[in-house]
Amino acid sequence: MTDPRQAVPRQPVADDVLVRARGLVKTFGEFRAVDGIDVTVHRGEAFGFLGPNGAGKSSTMRMVGAVSPVSGGELRIFGLDPATDGPAIRARLGVVPQADHLDEELTVEENLWIYGRYFGLSGRQVRERARELLDFAQLTERARHKVDSLSGGMKRRLTIARSLINSPEVLLLDEPTTGLDPQARHILWDRLFRLKRQGVTLVLTTHYMDEAEQLCDRLVVMDHGRIVAEGSPRNLISAHSTREVLELRFDLDDHRDRLDDVDGVGERVEVLPDRLLVYVDDGDAAMSAIAGRGIRPLSSLVRRSTLEDVFLHLTGRSLID
Amino acid sequence: MTAPTAPAATRRRAAVLPIPAGAGLARMVVLRNITSFRHGWIALVTGFLEPVFYLFSLGVGVGALVPHVTTDRGSVVTYAAFVAPALLAASAMNGAVYDSTFNVFFKMKYAKLYDAMLATPLGPRDIAVGEVSWSLLRGGLYSAAFLLVALLAGVVHSWSALLALPAAVFIGFAFAAVGTFATTFMRSWVDFDYITLAIQPMFLFSTTFFPLSTFPTPLQWVVQATPLYHGVALERALMLGEVDASVLWHVAYLLALGILGVVGASRRIERLLLR
């Protein structure tokens, strides 16, 4: 496996803060897309912004990417101010935007070459680097193809390869796997894991809980432009949810009608349109308790708590509507 | 970070300067366009052929009906010699406008090319300068080829025609800059009819095909206000060897237009894309 990140310092320094936001605000007219958030990202970690659409994740990412002026508060990337040192900051960042923004008029390898030239790299440098990155993105055989002949997953991998052309210290990924099929997602996660192991700092947004749990060391949950919780996936789950969840489906239109049946079984109950979620520490024990009451649900399932449950508990809403 | 006053001062300066930031990497935007163009070289051929077709249709065809024309500066020349400089100026305009409107609009709205560029050290100024430069490079190539054809056709009358090439590039600059600026205001393809509305009458009436003296005086003033008139007058003076001080006035007009366009375009790109 080629290492596309040769120039990365491997050992994290104690006080190596790469992104630091304090009271960060972004407004569009009257609308406050980001409403005073505090974020600190350290070198080498994978940091996630989790939240539904419109939570302010992308606006935050654009400010961190030094392409969107800060409306209020303080933001430093590598200790630099994006208002004055935009080009210097962007030279050290890799950006994977939500829509790939690939250059459809160019071939796969030309996309890497030209993008590298935007960073002021020489023709020789970008050719060498493009070879490594095509290998990393498993696109070597497609090097001379036009971009529009690639599948969605391949385009995404090319976008990630492109974002690495300048050997960035921080990789910003805005919903990296949205719109990809499950197989393509897993290939992509694998590539991101490799990068993380090589010491690249990952900052990503997602509205997929499994993605956040898979990739992030630490994350913030955002809602309406604010941070509602912060921590590692595991800590968030233990702080805001129970160990297990009992899901119950009944044959009726409104699951609220069955709230009394499960009263007192778990710590709390969430009502979804198609099921009840009973938060308990021991799912099987709760099942027996409910069966003991003579209640026969259409179906039942015991699972571990996920970040979805955390989000539901914190905001009262599902992540994906 | 140790001197908190320094960044504040820089920010103030950045806010006062009318020209948005760039990283001095505009040439990479040109390089990108050259790379892309290598896949679509056929467009280069058509861009060259158009003015040549016009030259032979009008110069040879119409020239047979209108043997001689008296220019506004008083010299008597064949119709082909009269119309060739104007076609050079008009093709410089057309090429620049096409590039800076349709192509730039597509890149900005659909390909999101500039969003990708702005995620790198490139700034809005690099994009504006790069796109305009590319347009000039391409226009310069067409103009050189056209001049060669005009020379072979025997319609070039003076050594000052050597300056007609840089002049054509300069005309292209003015139109490409304004074209890019105008494009940043376009909402959809429908708005491009306004461009056609501006370009077509200019192409037909800016003393391209007949002298200014043909117009009644009030209309002469209107014609003299259009940018293409200055381009045509500049090229005609150079190719027919009628150079005098008025050439400076044409140059000044086009220069002002070009600067307005570049500054305006980079500011608009900043406002649209760096929100």
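None of these values were measured; they are calculated from a predicted model.

Let's talk about the overall build of chain B
Here is step 1: For chain B, the count of helices and strands is 11 helices and two strands.
Here is step 2: Shown N-terminal to C-terminal, the secondary structure of chain B runs as helices and strands in the order α-α-α-β-β-α-α-α-α-α-α-α-α.
Here is step 3: Rg of the C-alpha trace for chain B: 21 Å, near the compact-globule value of 19 Å for 275 residues, within the 12% margin.
Here is step 4: The dimensions of chain B, computed from C-alpha atoms along their principal axes, are 75 × 40 × 35 Å.
Here is step 5: Residues counted as buried form 45% of the 275 residues belonging to chain B.
Here is step 6: Nonlocal contacts in chain B, meaning residues at least 24 apart in sequence, comprise 82% of its contacts between residues at least 6 apart.

Things to note about the domain arrangement of chain A
Here is step 1: In terms of domain boundaries, chain A breaks down into domain 1 (17-237) and domain 2 (242-304).
Here is step 2: Each of domain 1 of chain A and domain 2 of chain A has a C-alpha centre, and the two are 39 Å apart.

Observations concerning the pairing of strand E9 (residues 226-231) of chain A
For a regular strand, side chains alternate in direction, first toward one face of the sheet and then toward the other.
Residues and elements named next belong to chain A.
Here is step 1: Of the pairings in the sheet, the one linking strand E8 (residues 218-223) to E9 comprises five bridges and is antiparallel in character. Following the sheet pairing, Met222 is matched in E9 by Ile227.
Here is step 2: In sequence, E8 turns back onto E9 through a hairpin of two residues, with His224 there showing a positive phi of about 50 degrees.

Description of the UniProt feature "transmembrane region" (unreviewed entry) in chain B
Residues and elements named next belong to chain B.
Here is step 1: The positions UniProt marks with the feature "transmembrane region" (unreviewed entry) are residues 41-64, 76-98, 135-156, 162-182 and 247-265.
Here is step 2: Counting secondary structure, residues 76-98 comes out at 87% helix and 13% strand; the distance between its end C-alpha atoms is 34 Å.
Here is step 3: What you have in residues 247-265 is 100% helix and 0% strand, and the ends, taken at the C-alpha atoms, are 27 Å apart.

Considerations on the interface of chain A and chain B
Here is step 1: Tallying the contact residues gives 27 residues for chain A and 28 residues for chain B.
Here is step 2: Put simply, the parts of the chain that give the side of chain A that touches chain B at least two residues each are helix H2 (82-90) and helix H3 (108-118) of chain A.
Here is step 3: The residue inventory of the side of chain A that touches chain B, partitioned by class, reads 13 nonpolar, seven polar and seven charged.

Some remarks on the sheet that holds strand E2 (residues 31-42) of chain A
All names here are of chain A.
Here is step 1: Within the open sheet, the three strands sit side by side as E2-E1-E4. Their pairing is antiparallel. Where the open sheet ends on each side, the last strands, each with one partner, are E2 and strand E4 (72-77). Each neighbouring strand pair of the sheet contributes to a mean axis angle of 15 degrees, computed without reference to strand direction.
Here is step 2: Two elements, strand E1 (residues 17-28) and E4, share five bridges in a ladder whose sense is antiparallel.

Quick look at the UniProt feature "domain: ABC transmembrane type-2" (unreviewed entry) in chain B
Here is step 1: As annotated in UniProt, the feature "domain: ABC transmembrane type-2" (unreviewed entry) corresponds to residues 42-272 of chain B in the numbering used here.
Here is step 2: The span residues 42-272 of chain B is 75% helix and 3% strand, and its two end C-alpha atoms sit 32 Å from each other.

Points about the nonpolar core
Here is step 1: By size, the foremost hydrophobic cluster in this structure holds 149 residues, and its most contacted members are A:Ala161, A:Leu172, A:Leu202, B:Ala84, B:Ala89 and B:Ile171.
Here is step 2: No other element matches the 19 residues that helix H4 (residues 79-110) of chain B contributes to this core.
Here is step 3: Leaving out residues up to four positions away in the same chain, A:Leu202 has contacts with A:Ala46, A:Phe47, A:Leu171, A:Leu173, A:Leu192, A:Leu195, A:Lys196 and A:Leu215.
Here is step 4: With 12 residues, the next largest nonpolar core counts A:Val245, A:Leu246, A:Val262 and A:Tyr279 among its residues.

As for helix H10 (residues 227-239) of chain B
All names here are of chain B.
Here is step 1: With 13 residues, H10 extends 19 Å between its outermost C-alpha atoms, agreeing within 8% with the 18 Å of an ideal straight helix rising 1.5 Å per residue.
Here is step 2: Across the 13 residues that make up H10, a large majority, 13, are buried.
Here is step 3: Phi turns positive one or two residues past the end of H10, at Gly241, with a value near 70 degrees.

Observations concerning the sheet that holds E8(A)
Hydrogen bonds along the backbone pair up the strands of a sheet, which may run parallel or antiparallel.
All names here are of chain A.
Here is step 1: If you walk across this open sheet you meet the six strands as E5-E6-E7-E3-E8-E9, and the pairing is mixed. The sheet terminates laterally at strand E5 (93-96) and E9, the two strands that pair on one side only. Taking each pair of neighbouring strands and ignoring which way they run, the sheet shows an average axis angle of 15 degrees.
Here is step 2: Where E5 lies against strand E6 (residues 170-174), four bridges are found, and the strand directions are parallel. Each bridged residue has a counterpart across the sheet, and for Val95 the counterpart in E6 is Leu172.
Here is step 3: Contacting E5 and E6, helix H5 (residues 152-163) runs over the sheet at an angle of about 165 degrees to E5.

Thresholds, definitions, all that
Residues numbered from 1 in each chain as written. Chains lettered and ligands numbered in written order. Predicted model: local features only at pLDDT ≥ 70, side-chain atom pairs only at ≥ 80, totals over all residues. Helix = DSSP H or I, 4+ residues; strand = E, 2+ residues; numbered from the N terminus. Rg over C-alpha atoms; globule rule 2.2 N^0.38 Å. Buried ≥ 20, exposed ≤ 12 C-beta atoms within 10 Å, placed from the backbone. Contact = placed C-beta atoms within 7 Å. Domains from an automatic or database assignment. Pairing = 2+ DSSP bridges. UniProt positions renumbered as here; feature names shortened; annotations may be inferred. Nonpolar A, V, L, I, M, F, W, Y, C, P; charged D, E, K, R; others polar. Axes fitted to C-alpha atoms, helices over the stretch in contact; angles between N-to-C directions. Core = buried A, V, L, I, M, F, W, Y, C linked by C-beta atoms within 7 Å. Expected span 1.5 Å × (residues − 1).

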